[in-house]
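# Survey of secondary and tertiary structure
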Amino acid sequence: MILFVGLGNPGREHLRNRHNVGFMAIERIAMRYEFPEPRERFGGLLQEHRVDSEKLLLFRPLSFMNRSGEPVFQVKEFFRIQPGQIVVFHDELDLVSGKLRVKTGGGTAGHNGLRSMVGTVGEGFRRVRIGIGRPIEESNEGRVLSHVLGDFSKRDDDWLEPLLDAIALNAPLLLQGLDDAFASKVMSSRKVN
């Protein structure tokens, strides 16, 4: 059993925020593999299905980003999932928009969702870091915050939609633990501007 977690903020007003790209990735995976409609459980939206004969749980916490770890911890405990069986999809300021990297463990780089996850779930979970880039002028923290909480533009769809499709298409590689192959296939299957 593998648990895919998408980080984001709940509410319609946050649907297209850059900070919600983790939610977007989970939604695209659910659509591609025809998951049943999500159920509200453990303080989030949970979906269960088999992909390539592996049981896969998709989870989107309904708490705000800085409290994401608490609902994920409840899922982890209920299903007796180890940190190495958890893959977290999240936005990454330190990657150019449209780039993707996968890693296990490491620092949180100021990401409140990751900080919350480490605090409750512990280290050792896998991270799919989806680049949203930094604002051109980041002279103050407020500018970074408004960038992260700002919506993707229509122009961003040129790279965002193909990226989300590639993530969903290649998700079975993550189930097999082939993180490098997943990242390579995602990046090679689409054009990065």
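Everything below is about the structure shown above.
Below is a short write-up of the structure. (Residues numbered from 1 in each chain as written. Predicted model: local features only at pLDDT ≥ 70, side-chain atom pairs only at ≥ 80, totals over all residues. Heavy atoms only, no water.)

The strand order β2-β3-β4-β1-β5-β7-β6 describes an open sheet built from seven strands, whose pairing is mixed. The open sheet has two edge strands with one neighbour each: β2 (39-41) and β6 (100-104). Taken pair by pair, the neighbouring strands of this sheet meet at an average axis angle of 30°, ignoring direction. With three bridges joining them, β2 and strand β3 (residues 44-51) adopt antiparallel strand pairing. (Pairing = 2+ DSSP bridges. Helix = DSSP H or I, 4+ residues; strand = E, 2+ residues; numbered from the N terminus. Axes fitted to C-alpha atoms, helices over the stretch in contact; angles between N-to-C directions.)

A few words on the pairing of strand β7 (residues 126-131). Counted residue by residue, β7 has six buried out of six residues, so it is predominantly covered. Because side chains alternate across β7, one face comprises the buried residues Arg126, Val128 and Ile130, and the other comprises Arg127, Arg129 and Gly131, equally buried. Here six bridges tie strand β5 (residues 86-92) to β7, and the two strands are oriented parallel to one another. By the bridge assignment for β7, His90 is matched with Arg129. Where β6 and β7 come together, five bridges link them in antiparallel fashion. Bridge pairing in β7 places Lys103 opposite Arg127. (Buried < 20%, exposed > 50% of the residue type's maximum accessible area, 1.4 Å probe, protein only.)

What follows concerns the pattern of salt bridges. Enumeration over the complete set of coordinates arrives at 11 salt bridges. For the salt bridge of Glu161 with Arg28, the shortest nitrogen-to-oxygen distance reads 2.7 Å. Linking Glu161 in helix α5 (residues 157-175) with Arg28 in helix α1 (residues 21-32), this pair joins segments that are 133 residues apart in sequence. Residues Lys76 and Glu77 are paired through a salt bridge, measuring 3.1 Å at the closest nitrogen-oxygen approach. The exposure class assigned to Lys76 is buried, which follows from its relative accessible area of 11%. Through salt bridges with shared partners, a single network forms among Arg28, Glu161 and Asp165. (Salt bridge = Lys/Arg side-chain N within 4 Å of Asp/Glu carboxyl O.)

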